[in-house]
Amino acid sequence: MCILLPCADPATPGVWWRDDAQWRRYPLHLENAIRNAISRGLPSLDLGTFTSDVYPNGARYTADLRAMRQRNVGSGYARDIRVIGGPPPAPAPSQALGMPSQQGLQLPGGAPLPTIHWRDNNNNLRQYDAATSRAIFRAGAQGYSFAQTAPIVTAAYPMGIVYTVDLQRMVQRNPFTGRERDIVVQFPHNPFELLKLALGVTGQDRKQLLGATLEAFCSEDSVMRMLSGKVAPYQIIGKRRNPNLQPGQPVFDKFVDSMEGIATGCANLSPSNLIDGQTQASGLPLPLQLAFHGTPPENINSIFKEGMRSTRHWFGCTASISRSYVTPTRTGPAGPVWKLILFVLLMVQTVVSSKSDSVVVMTSAHHELPVYEITFQG
C-alpha cells in the first residue's frame, strides 16, 4: 500500500494524476486524448504505456473517466485524476465537419480528400466514413496527437465502438482492449491532383500533401517519362531509388519545407517565383526540374542521405554534360559503364546562382533532392 504525502492541489490548467508525493501533468497527447474522451462521454480510455518513478521502464495504464482514476493494468493500483480548465478538446467528427456526415467530403476548390483506412483482421483496408476522415485531418492540422472515430460497427461490436486514433503512430486503438490496428492514408497517384489538394489547405495538411506530390513526381514511371531526351546517346542499364525519399528523412523533409515556402506563389503561377517565368519540364505549376550530378560512386550514399555539402553545386541538364565529371566503373559489351545522381531541383531565383540550357548552379542543398542513382552505358 502506498502512502500519499501531503501536497498542494494543481492550479495550472491541464490534466493531472496524483503520484505518491505530488500531482504530475500528463503529456500533451494524453491530455488531449482524455479531454476528447470525456467530451464524448466515453467511460474509459486506454492511456498506453508511459514511465514513472515507480516504473522507469514503463507500465500500461487505463483511465476510468467515471471515477476519474488512473489504473495500472498490471497491478490494479489506482490514482486520482484531475482536469483543470484548459483548451477545448479536439472536435468530434460532426463538429469538425461543420455539416451532416452524409454530405460530401471535400476541400476548398472542390478537390476530394485522400482516403483514410484501417486494417481489419483479414488484413483488408476498410475506409473510414466521411465524418471520421475529416475529423482526423482537422485534428492533425490543429496540432492534436489524437482523434476519435465515429462509432464503427464490427462483428465483435454490433452496436458500434468509438476508437482512439493515434496521429503520431498512425494506429487505431480499441479503448477497452488496447488492441491497435494500422491506419493507412491513400493519396491519388496523379501529382496534378495532389498539388491541387495541397494548394487548397494549410498547415500540416498542406505539408503532408506536398510530400505526397513529391513522392508521385519522383515515381519511376514519372521520372523515366521526363528523362526522355535527356540521356541520348547513352543507354540506361540500371537505376536505384534513394531510400531516403520518404517523410521523416531530413533530406526529404527539408525539400518539402522549401516547397511549402513557395506554395502560395506557385498557386498563382507568379513569375517572380519561377525561373524564366515558366513552369519546368514537369508540367506542374511548381518550378521543379530534373538535372544530373557527377560524383565518385563512393559519395552517392552519403549524398542520398544528407544532400550536397558544398556552397555551390553544379548540375547538368542532360546526362552528356555531367558525363565528363565521372570515371567509368567498368566496361560493358556496349562501352563504358558509369553512374550519375539524378536530382529534382526547386528552381527558385534566390538559390539559383546561374542557369543556361546546359548547366544549373545552385546554392541551397534544401532546394536539391537526390532521387535516383542512374547507371549508363556508352
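Only a predicted model underlies this, so the values are computations on that prediction, with no experimental measurement involved.

Calculation rules
Residues numbered from 1 in each chain as written. Predicted model: local features only at pLDDT ≥ 70, side-chain atom pairs only at ≥ 80, totals over all residues. Heavy atoms only, no water. Helix = DSSP H or I, 4+ residues; strand = E, 2+ residues; numbered from the N terminus. Buried < 20%, exposed > 50% of the residue type's maximum accessible area, 1.4 Å probe, protein only. Contact = heavy atoms within 4.5 Å. Pairing = 2+ DSSP bridges. Salt bridge = Lys/Arg side-chain N within 4 Å of Asp/Glu carboxyl O. Core = buried A, V, L, I, M, F, W, Y, C linked by side-chain atoms within 4.5 Å.

## Observations concerning the overall build of the protein
No. 1: Each helix and strand counted, the protein has 10 helices and 20 strands in total.
No. 2: For the protein, the residues scored as buried account for 47% of the 378 residues in total.
No. 3: If you take every contact in the protein between residues at least 6 apart in sequence, the share linking residues at least 24 apart comes to 59%.

## Things to note about the environment of Ile-34
No. 1: Relative to the assigned elements, Ile-34 resides in helix α1 (residues 28-39).
No. 2: The sequence separation of Ile-34 and Val-15 amounts to 19 residues, and the corresponding C-alpha distance is 7.9 Å.
No. 3: Apart from the residues within four sequence positions on either side, Ile-34 is in contact with Val-15, Tyr-26, Leu-45, Leu-47 and Leu-65.

## A few points about the pairing of strand β1 (residues 14-18)
No. 1: Taken across its 5 residues, β1 has 5 buried, putting it largely inside the fold.
No. 2: Of the two faces of β1, the one holding Gly-14, Trp-16 and Arg-18 and the one holding Val-15 and Trp-17 are both buried throughout.
No. 3: Bridge count for β1 against strand β6 (residues 78-84) is 4 bridges, and the pairing is antiparallel. The partner of Trp-16 across the bridge, within β6, is Arg-82.
No. 4: Here β1 folds back onto strand β2 (residues 23-25) in antiparallel fashion, the turn holding 4 residues.

## A few points about the pattern of salt bridges
No. 1: As enumerated under the stated definition, the model contains 10 salt bridges in all.
No. 2: The closest approach of N and O atoms between Arg-69 and Asp-80, which form a salt bridge, is 2.5 Å. Pair noted here: Arg-69 is in strand β5 (residues 69-72) and Asp-80 is in strand β6, with a separation of 11 residues, a long-range link.
No. 3: According to the relative accessible area criterion, Arg-69 is partly exposed, its value standing at 28%.
No. 4: The partly exposed category is assigned to Asp-80, whose relative accessible area is 32%.
No. 5: When the shortest N-O distance is used, the salt bridge between Arg-173 and Glu-180 registers 2.9 Å.
No. 6: One network of salt bridges, in which partners are shared, links Asp-166, Arg-173 and Glu-180.

## Digging into unusual backbone geometry
No. 1: The step from Ala-232 to Pro-233 runs through a cis peptide bond, and the omega angle for that step is 10°.
No. 2: For Pro-233, the position within the fold is in the loop between α6 (220-226) and β13 (235-241).
No. 3: With a phi angle near 55°, Met-68 is a residue other than glycine that sits in the positive phi range.
No. 4: Take Met-68: it is sitting in the loop between β4 (59-64) and β5.

## Notes on the nonpolar core
What tends to happen in soluble globular proteins is that the nonpolar side chains get buried as a cluster.
No. 1: By size, the foremost hydrophobic cluster in this structure holds 45 residues, and its most contacted members are Leu-342, Val-344 and Leu-369.
No. 2: At the level of elements, α5 (203-217), α6, α7 (250-261), β14 (288-293), α9 (300-306), β17 (335-346), β19 (359-362) and β20 (368-377) are the ones that each hand at least two residues to this core.
No. 3: Considering each element in turn, this core owes the most residues, 8 residues, to β17.
No. 4: In this structure, Trp-17, Ala-37, Leu-42 and Ala-59 belong to the second largest nonpolar core, which totals 17 residues.

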